[in-house]
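Remarks on the overall topology
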Amino acid sequence: MNAVLEINDLVVEVATAHGPMVVVSNVSLAVGAGETLGLVGESGSGKSLTTLAVLRLLGTSARIASGEILLRGPDGVLDLVTLPERRMRDVRGGRIGMVFQEPMTALDPAYSVGEQVAETVRRHLGLGRTDAWKRAVELLDRVGIPSADRRAHDHPHHFSGGMRQRVVIAMALSCDPVVLLADEPTTALDVTVQEQILTLLGELRDESGLALLFISHDLGVIADISDRVAVMYAGQVVETAPVHELFAAPRHPYTRALLRCVPSPGSDRLATIPGTVPTFDALPLGCRFAPRCEHAAAVCEGAPIGLDTVAATHFARCVRIEEVVS
Amino acid sequence: MTTVTTRPESAFAAFRRRFVRQRLAVVMAGVIAVMVLVALLAPWITPLDPNAQALLDRLAPPSTKHWLGADDLGRDVASRLIIATRATIWAGLLATCVSLLIGLPFGLLAGYLRGWADTVLSRAADALMAIPPLLFAMAIVAVLGRGVTNAMIAIGVVTAPRFFRVARGVALVIREETYIEAARSIGCPTGRIVRTHVLPNMMSPLIVQISVTMGFAILFEASLSFLGLGVQPPDASWGSMLQRSTRFAGDAPWLVLLPGLAILLTVLAFNTVGDAVRDSVGRENRRLA
Amino acid sequence: MIRTVAARLATLVVLVWVVSLAVFALVLLIPGDPTTTLLGDNATPEQVTALRTSLGLDDPLLMRYWRWLSGALQGDLGTSMLSSYPVTQAIGDRIGVTVSLVVSALVLSVVLGLVIGVLAAVRQGGWFDRLTLLGSSIGIAMPNFWLGLVLVTFFGAELGLFPTSGYARPGDGVGDWVAHLMLPVVTLAAGGVAEIARQARASLVDTLRLDFVRTAAAKGLSPLSIVGKHALRTAMIPVITVMGLQVSRLFGMSVLVEAVFALPGIGSLMVASVFDRDIPMIQGTVLLATVVVVVVNLLVDLSYGWLNPKAALT
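Summary of the structure given here. Because the structure is predicted, anything quoted here is derived from the model rather than measured.

1. Some remarks on the overall build of chain A
- Within chain A, the secondary structure is distributed over twelve helices and twelve strands.
- Here the C-alpha atoms of chain A give a radius of gyration of 21 Å, agreeing with the 20 Å that 2.2 N^0.38 yields for 326 residues.
- Here the C-alpha coordinates of chain A stretch approximately 65 × 50 × 40 Å along the principal axes.
- Nonlocal contacts in chain A, meaning residues at least 24 apart in sequence, comprise 62% of its contacts between residues at least 6 apart.

What follows is the structure, encoded as structure tokens:
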């Protein structure tokens, strides 16, 4: 498969009082054109940091320690880890768009939504003010803002959460990116609005054939939109598989536990995973899930566990898959 | 996995831990302690009589006799600085007490009663805040007569809105707290509610405001004394020392530098400690501070 | 918008009215018999009678207040107790000096304070940031008249670069006017620079953490555009508040600066009036200064609406 975005062995460190702490450990992911990769995990599993690392927006406290992030385009392959900052700015909002979790705070309160979309267009496509505004209105119309030509003049506080998220999506897609990063784009929204936004994202992906990296802690949402799924736990990818296979035949005990936590009709009791996620300064040497795992054995501890091939497109980071499944 | 159970840290211990981490603030708290000590002991620790004139020592530079030199009347600058500390700390305390005694009860009343009482009191506070404080203090001094006591009462009056706002804000928030309702519902008398719930919650914002007001009052005491409206001769104040110094600045620069540095250090100390107290209050209480 | 302005104006009128009460009440605070307090024990009966008439002490209180207030509304703030010179005219003679001083100091504080605050915030934790924090703490704690004295000592006695006292009217030569204002303006502005720099830094540091700043970065905007166009506009709101407060502070502090540099402005008029206990002059000066401060704060309030359209609604 020819991936548009390919992350290889990404390591992200956070600076602490006691020196750097690894919070994303050798993560490798790939998304192809027109494909959706769902990235799932609890908060603090490193999924958001991984996406922010792609745009190099980690801020001052975190940094990429090693690994490569490859962006394939007609003009060849760019490694975003080593790309000069000035060219990185052309990638942000141009080649890669991003949608954030909190639509209520993601927009600048001081400018009209039309201006905020048009600004991106002017920046990357070099259009003049009038043309950029026209394009902004078209985009707002495309993402489903009613009477977009009038509403474009309104400021963000006149819009509901769902409508604001549409604006953010319009902004992210304004310059025809090849990759869209969506970090929990529906988490802060009502269930009905969630559904609409998911449908919209799916449509847009199919129309323009962009590669979608979709982050969520919600397995239901992931199942809805993804083609493939990667499950993260404590900074590592622990299992990756096509969506149907993952849900039908999960291999890693953590994935299995997560699936049990999804409320299903007919069961009146919600399962929970015992214990808590280990903190990054006290990670187990071996399997990071072992302290909470019902199948843990001596073999799980002592040495880091690698990703094992389950099937051609299915990998899991567990040494006791046979015992787990039986 | 074994979990270590630790006793939850008390609010005060958490506060102390955060405060001590701010090195500069700890140093400045030490400065305040020294200033207060000097103020208390001033009459006994001056190397020479602060008011004794010695015309032979007129504008004498620093020496073994006059560590920090002598002024235009030959008075020992070190002794005058020390004795002036007393006037300064006293002035600050007086102004802060006046401010507190006006602002606190009216603020609590406004926040607790709300309605028209709140409106009237808040408007009065706004009006007082709108008048440039130095001008208002000068006007009060003009009416009541020159002197440090009148000057500090004036400063106390103009800073009272700060305590008013703190007290009103706390009263407004606490009014809505469920534990107050709970206390009321089990028949706790109002006086006891105020003593056991309201006052402890006010402590940190109050300490912040007291510290900042001390700094403000000391700066204003110096300003008014510099204009000749505060501490009256022959008594020494850092501000009045500066006033005399202007004419001899060229010959005796220490007369200009030393009292100013004393004011700067003292005000800086109170401001820094006030800021550090505010920053050390835990998130749980921050909205009040 | 019009309703907001109208509401604010109404508040302003109430505020000024309350202040006028407080200022008028000053006369009532005079301890003992005002005539003895103000004129001393050796006053002649003629002087006492003259003072009683000029202060209107024999009239009922409300009538005196009404006369003073209605006069003030028409621009007549009474006459000086010592010279029979109209207060309004005395203020008018001197306001040019104070306004030049305060406006120049305000402009300097705002420009310098903003530049320093922004530079410190964008490199949070760097050496310039730490220097700014320390410098602003010192600048806020420093008595500005002392800075003036130090400048006079240094520039006047040692270097002789700028005149250290007196005033020159701009009509008599702009160069001379600027030279005479140079040190006073620097003295007066120092505290303002410190306060505005500190607030601008704190506010921008907070704003740079907000989500919409990350969105702006994700759009591929340059750091200049992220800070200048997006972050700064929101960060300015608390800074504008501090700027509004500066006007009041500068007005008060100009009294001290005028004293240090012997400038014939409102401040020195105020000092002289306080020494002379010239009550009408003091009342007029305080009332005028307060009106200026209140009007500036109204303008500040209205600017919030432009900076943050959401605030305009409330």
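2. Quick notes on the overall build of chain B
- Scanning chain B from N- to C-terminus turns up eleven helices and zero strands.
- Going from the N terminus to the C terminus, chain B shows its helices and strands as α-α-α-α-α-α-α-α-α-α-α.
- For chain B, the residues scored as buried account for 48% of the 289 residues in total.
- Contacts in chain B between residues at least 24 apart in sequence constitute 70% of all its contacts with a sequence separation of at least 6.

3. Topic: the sheet that holds strand β2 (residues 19-32) of chain A
Residue and element names in this part refer to chain A.
- A sheet is described by the order of its strands in space; here four strands give the open sequence β2-β1-β4-β5, paired in antiparallel fashion. Of all the strands in the sheet, the pair left with one neighbour each is β2 and β5 (76-79). Recorded for the sheet is a direction-independent mean angle of 10° between the axes of neighbouring strands.
- Where strand β1 (residues 3-16) meets strand β4 (residues 62-73), eight bridges bridge the pair, whose relative direction is antiparallel. Opposite V12, over in β4, you have I64 as the bridge partner.
- Packed onto the sheet, helix α1 (residues 47-54) meets β1, β2 and β4 and runs at close to 75° relative to β2.

4. With respect to the pairing of β1(A)
- One ladder, built from ten bridges, connects β1(A) with β2(A); its direction is antiparallel. Across the sheet, the residue bridging to A15(A) is P20(A), located in β2(A).

5. As for the sheet that holds strand β6 (residues 96-99) of chain A
Residue and element names in this part refer to chain A.
- Pairing within the open sheet is mixed, and its eight strands lie in the order β6-β7-β8-β3-β9-β10-β12-β11. At either end of the open sheet lies a strand with only one pairing partner, and these are β6 and β11 (308-311). Going from strand to strand, the sheet's axes swing by 20° on average, the running direction of each strand aside.
- Alignment of strand β3 (residues 36-40) against strand β9 (residues 228-233), held across four bridges, turns out to be parallel.

6. Description of the interface of chain C and chain B
- On the chain B side, the residues contacting the 41 residues of chain C number 38 residues.
- Going through the elements one at a time, α1 (2-29), α6 (127-141), α7 (144-159), α10 (223-261), α11 (266-276) and α12 (279-307) of chain C are the ones with two or more residues in the side of chain C that touches chain B.

7. Section: helix α5 (residues 133-144) of chain B
All names here are of chain B.
- End to end, α5 covers 16 Å across twelve residues, agreeing with the expected 16 Å (1.5 Å per residue, within 8%).
- With eleven of twelve residues buried, α5 is to be regarded as a mostly interior element.
- What α5 keeps buried is the set P133, L134, L135, F136, A137, M138, A139, I140, V141, A142 and V143.
- Once α5 ends, the next one or two residues include G145, with phi positive near 105°.

8. Some details on the packing of helix α7 (residues 161-173) of chain A against helix α8 (residues 191-208) of chain A
All names here are of chain A.
- Closest axis-to-axis distance for the α7/α8 pair is 10 Å, and the angle between their directions is 15°. Between α7 and α8, the angle is such that the two are roughly parallel. Of the two possible hands of crossing, α7 and α8 adopt the one that is right-handed. Taking contact as the criterion, the partners of G162, Q165, I169 and L173 in α7 are, on α8, V193, Q196, I197, L200 and L204.
- Its residues assigned to classes, the contact of α7 with α8 shows six nonpolar, three polar and no charged.

9. Comments concerning unusual backbone geometry
All names here are of chain B.
- Cis geometry marks the peptide bond from P233 to P234; its omega dihedral reads 10°.
- Here the phi dihedral of R114 falls at roughly 50°; this positive angle occurs in a residue that is not glycine.
- Among the structural elements, R114 can be located in the loop between α3 (77-113) and α4 (115-130).

10. Digging into the packing of α3(B) against α4(B)
All names here are of chain B.
- The geometry of α3 relative to α4 is characterised by a closest axis approach of 7 Å and an angle of 140° between their N-to-C directions. When the axes of α3 and α4 are compared, the pair comes out oblique. Considering how the two elements wind past one another, α3 and α4 form a crossing that is left-handed. Between α3, through F106, L109, A110 and L113, and α4, the contact on the second element is made entirely by G115, A117, D118, L121 and S122.
- Split by residue class, the contact of α3 with α4 holds six nonpolar, two polar and one charged.

11. Topic: the nonpolar core
- If you look at the biggest cluster of nonpolar residues, it comprises 262 residues, and the most contacted ones within it are L140(A), V179(A), L213(A) and A137(B).
- When residues of this core are assigned to their parent elements, the largest contribution, 19 residues, is made by α10(C).
- Beyond its immediate stretch of four places on either side in the chain, L213(A) contacts L5(A), V31(A), L37(A), L39(A), T51(A), V179(A), L181(A) and A182(A).

12. Some points on α11(C)
- Those residues of α11(C) that sit buried are I266(C), G267(C), S268(C), L269(C), M270(C), S273(C) and V274(C).
- On its buried face, α11(C) is in contact with α5 of chain B together with α5 (87-122), α10 and α12 of chain C.
- A positive phi of about 55° marks R277(C), the residue just after α11(C).

Quick notes on the rules
- Residues numbered from 1 in each chain as written.
- Chains lettered and ligands numbered in written order.
- Predicted model: local features only at pLDDT ≥ 70, side-chain atom pairs only at ≥ 80, totals over all residues.
- Helix = DSSP H or I, 4+ residues; strand = E, 2+ residues; numbered from the N terminus.
- Rg over C-alpha atoms; globule rule 2.2 N^0.38 Å.
- Contact = placed C-beta atoms within 7 Å.
- Buried ≥ 20, exposed ≤ 12 C-beta atoms within 10 Å, placed from the backbone.
- Pairing = 2+ DSSP bridges.
- Axes fitted to C-alpha atoms, helices over the stretch in contact; angles between N-to-C directions.
- Expected span 1.5 Å × (residues − 1).
- Parallel < 35°, antiparallel > 145°, perpendicular 65-115°, else oblique.
- Left-handed = near helix turned anticlockwise from the far one by under 90°.
- Nonpolar A, V, L, I, M, F, W, Y, C, P; charged D, E, K, R; others polar.
- Core = buried A, V, L, I, M, F, W, Y, C linked by C-beta atoms within 7 Å.

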